[in-house]
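# Reading the structure
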Amino acid sequence: MESIENIGKHLSFLRKKDLERSVFLRFVFTYIFSTDHKIIAKQYLFTGIFWAFTGALFSLIIRLQLGFPEANLDWLSPVLGKWIVYGKIDPEFYLKMVTVHGTIMIFFVLTSGFLGTFANYLIPLQIGAKDMASGTINMISYWLFFISGTILFLSLFTDSGAASSGWTMYPPLSILPSASSGSADGTTFWILSMVIFIISSILTSLNIITTVINLRTKGMFIKRLPLSVWGFLFTAILGLLTFPVLLSALILLFSDKVLHTSFYLSNISIVGEALGYSGGNPLLYQHLFWFLGHPEVYIAIFPAFGIVSEIISTNARKTIFGYPAMVTSMFAIMVLSFLVWAHHMFVSGMNPFLGSVFSLTSFVIAVPSSVKVFNWLTTLWKGNIKFTPAMLFAMGMVSVFITGGLTGLFVAKTVSDMVVHDTYFVVAHFHFVMGSASVFGFIAAGYYWFPRMFGKMLNMTLGYIHFWLTFIGVYLIFFPMHFLGLSGLPRRYYMFTYFRTFDGFSDINAFISTAAIITVSAQLILLFNIFYSLKNGKKAPKNPWLATTLEWNTTEGEEIEVHRWPYDYSVPESEADFIPQNVPDYKLENTTKNL
Amino acid sequence: MQVLEYSQPFFWVIIGFSGIIALSYCSVFVFPSPFGVNYSAQAKIFHKMFGITLILTGIVFFITQVLLFLFPFIYRFSPKRKALYFPKKLKLELAWTLIPFCVFMFLLIISTINWWKISNPKYKDPVIIEVSAEQFNWSVRYPGKDRQLGSYSFSLLNDKNRFGLDWEDKRTHDDFTSIQLHIPKNKPVKIFLRSRDVIHSFFIPDFKIKMDAVPGMVTSVEFIATKSTQEMRKIRKDSTFNYEVACAELCGRLHFAMSLILVVDEDKDFKKWYNSQTPVFTVLTQ
């Protein structure tokens, strides 16, 4: 890594003199093409927030259609233009929204937005490194992420619109323009966007792994890493090993689409025309896709696991229960997540025997997940718990994770998955366990580290209001969906009036849509809070949450030596409420005063 | 604003805890029961499995959620108290690794045994039907009097020959098609699925049956319907009730409208209907 930096410096067309003279250049290289991990983290944060709101807005268009299929939506036509036909959303546009919402939320928000922000910001600070292993690669990685997002966004404005075959992009639907309008240019844009995204993600992963392995400060043994760093490390390893498989799947998909090879397609006759594909198999794509697709949900949730452990321990003023078990269970989930992918394919035409094998691994992976939940609960037991907004979101994450995790047992079972597969039950399941849980972790991290990132405190009152609206809202939106799913309502349906079996749930759908509109609007409170506090917020003290980790207890540039693990709260031998990691002696006075 | 800060633990218990419990309880009354009447042999298995899982997960759901809301409430911050230093306890951790493991394995074993009953039931002499999916239609083909489906080729597909039947093969000559899917009551049915264009999924919500139709592949699903359409009309008090087949895998613009009417006849009615149909070959050659 070092040599790349040197080459970069050597080849630079900018001389130091130029940089010093020009305010503009200085601005560009400090804030735009910065190689500083803290600036890059903030770039990721604001890009992530932008994508989160865009994705949420798209989900509102979906909910508007599902909740109020009879409503006249002509008022949307100034924005959506030709996609509003006679006051109704075009069904193709609905599917484009479904696709883009999924892609944005899973890849741009939960993968890069979350990991990019907090891994970049926290890893160097928490392990006592000066920066990430390679600042240049970090910068390149961010800008590739930015470009990939831009490409996907631009695809919405092409003539035939964005891709419309779901975020899973199953062929043949995603390949044949005559099957779906989004498969004309939309899929090509989507593949291009994803390929760039994957390169960005792999670079980030390499950077994280290198940093955690090589740049730990003196005394920061691997057993003394905060759980958040463990979470980032496992995410990075998982991403590094699975994203290339998606890349290969997408290259074959591109080849089928543009060069008319037959990796995935066979015997297709569409609109009265027999196409020349033969010998391929759509299941091949599904296997390759879900080899990333399932680990992807752990890529999204691991950082939240780590961060929530961190926040719960600090705010409960109690040491985390079962640190080795927490790390081991994350490791076990990581390894097992490579072996569960085909539980998305129980009724895909795959051999049913394989179904029972993947059902086995899916049940096994639920064991370490439940260990984590029990350990969090024990951490709360006999604690001394402070209800800060970050803590509320962290506990909220545990609650939605339990709810979503338990419904996971229904979908891991072959018999019940046959019924609930591709219905709203699954939608409810993954929005709880992956969507809401990771987003709660993300927001909790935001509330917790905002003072460190910007030097200002977020407004607590707004934080409380934001939490309660979000927490109640999430349950009101997703809990009723279980019942819709059990009644058979399939996902990705534009409306349910064509089937008598599914008609008759319109009031529940309207209820869910109303809850969704309110919950998404409640997120504006967070946005307002961020900008209001940046300007008018109270100045943050150095260690507002009285935490033990290095980022709160050291100043930059200082030589750091670590003497203990990060969870020394309420240690019986010490009078102190907490002992920072860099404090050598139990009985130092400055720590006792902190309470 | 101090008040708001100190009231959070109470919010946590009252709104969060009772809210979630109330929501899950109310939903049982407000929403349709997941334990419906069994309209097929497969639905019976599903409901049994679903019930066992629901009870087990329900217990865990209530215990963990209650603890999650009670611990923070009971142990809310007080400057007089010091939290317990409790970093590990091997026995506890072993307990909640092994107990869930055993419960999950129990669920896995009963689920897998029943999965075999559903995915590979080995029914004797089932009624054979072929369903072919295309955007956005289902077509149904019966084997006719010889009870053997004739061969087909995708290259023979055209407007008239919607199944691409190979007329060289004599077995195709008595095959007939139908606008609705007719099946007999209490008789095993085996449906072969194929697709002309993209992936579709053959889904009968009332029978709890689902299987993808994949282009280039033939998949199959077997089931036994246990309530005829006429009986259902009486049960539901709805003289126009019909079973419906839906598409469950995103297949394009009109995915939401891809339906097929399924009629479950008494066995003798089915036989009468079956024998009165005209084969495609006869229609085309006349």
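Summarised in this report is the structure supplied together with it. From a predicted model like this one, the values you see are computed outputs, not experimental measurements.

### Examining the overall build of chain A
- Helix and strand counts for chain A come out as 19 helices and four strands.
- Taken against the 2.2 N^0.38 rule, which gives 25 Å for 595 residues, the C-alpha radius of gyration of chain A at 25 Å falls within 12% of a compact globule.
- Considered along the principal axes of its C-alpha atoms, chain A spans approximately 80 × 60 × 50 Å.
- Counting only residues that meet the buried cut, chain A has 68% of its 595 residues in that class.

### Some points on the layout of surface pockets
- There is about 850 Å³ of room inside the second largest pocket.
- What lines the second largest pocket is a set of 32 residues, among which Thr388(A), Met460(A), Tyr464(A), Gln2(B) and Glu5(B) lie closest to the centre.
- Elements supplying a minimum of two residues to the lining of the second largest pocket: helix H16 (460–486) and helix H17 (506–536) of chain A together with helix H1 (2–30) of chain B.
- Among the elements that take part in the lining of the second largest pocket, H1(B) stands out by supplying five residues, more than any other.
- Here the lining of the second largest pocket is composed, by residue class, of 18 nonpolar, nine polar and five charged.

### Focus on the environment of Ser155(B)
Residue and element names in this part refer to chain B.
- Within the secondary structure, Ser155 is located in the loop between strand E2 (137–142) and strand E3 (176–178).
- Along the backbone, Ser155 and Arg196 are 41 residues apart, and their C-alpha atoms lie at a distance of 11 Å.
- A distance of 2.8 Å separates a polar atom in the side chain of Ser155 from a polar atom in the side chain of Ser153.

### Remarks on a nonpolar patch on the surface
- A contiguous nonpolar surface patch, about 330 Å² in accessible area, is contributed by Phe353(A), Leu354(A), Val357(A) and Trp116(B).
- The element contributing the most residues to the nonpolar patch is helix H12 (residues 352–380) of chain A, with three residues.
- Here Val357(A) shows up in helix H12.
- Residue Val357(A) is classed as partly exposed on the basis of its relative accessible area, which comes to 34%.

Conventions adopted
- Residues numbered from 1 in each chain as written.
- Chains lettered and ligands numbered in written order.
- Predicted model: local features only at pLDDT ≥ 70, side-chain atom pairs only at ≥ 80, totals over all residues.
- Heavy atoms only, no water.
- Helix = DSSP H or I, 4+ residues; strand = E, 2+ residues; numbered from the N terminus.
- Rg over C-alpha atoms; globule rule 2.2 N^0.38 Å.
- Buried < 20%, exposed > 50% of the residue type's maximum accessible area, 1.4 Å probe, protein only.
- 1 Å grid on protein atoms, 1.4 Å probe; cavity = no way out; pocket = protein on both sides within 12 Å on 5 of 7 lines; lining within 4 Å.
- Points joined across faces, edges and corners; volume = space filled by probe spheres on them.
- Nonpolar A, V, L, I, M, F, W, Y, C, P; charged D, E, K, R; others polar.
- Polar contact = N/O pair within 3.5 Å; in protein donor to acceptor, adjacent residues only side chain to side chain.
- Patch = residues over 30% accessible without salt bridge, like charges linked within 9 Å, V, L, I, M, F, W, Y side chains within 5 Å.
- Areas by Shrake-Rupley, 256 points an atom, 1.4 Å probe, with all protein chains shown as cover.
- Salt bridge = Lys/Arg side-chain N within 4 Å of Asp/Glu carboxyl O.

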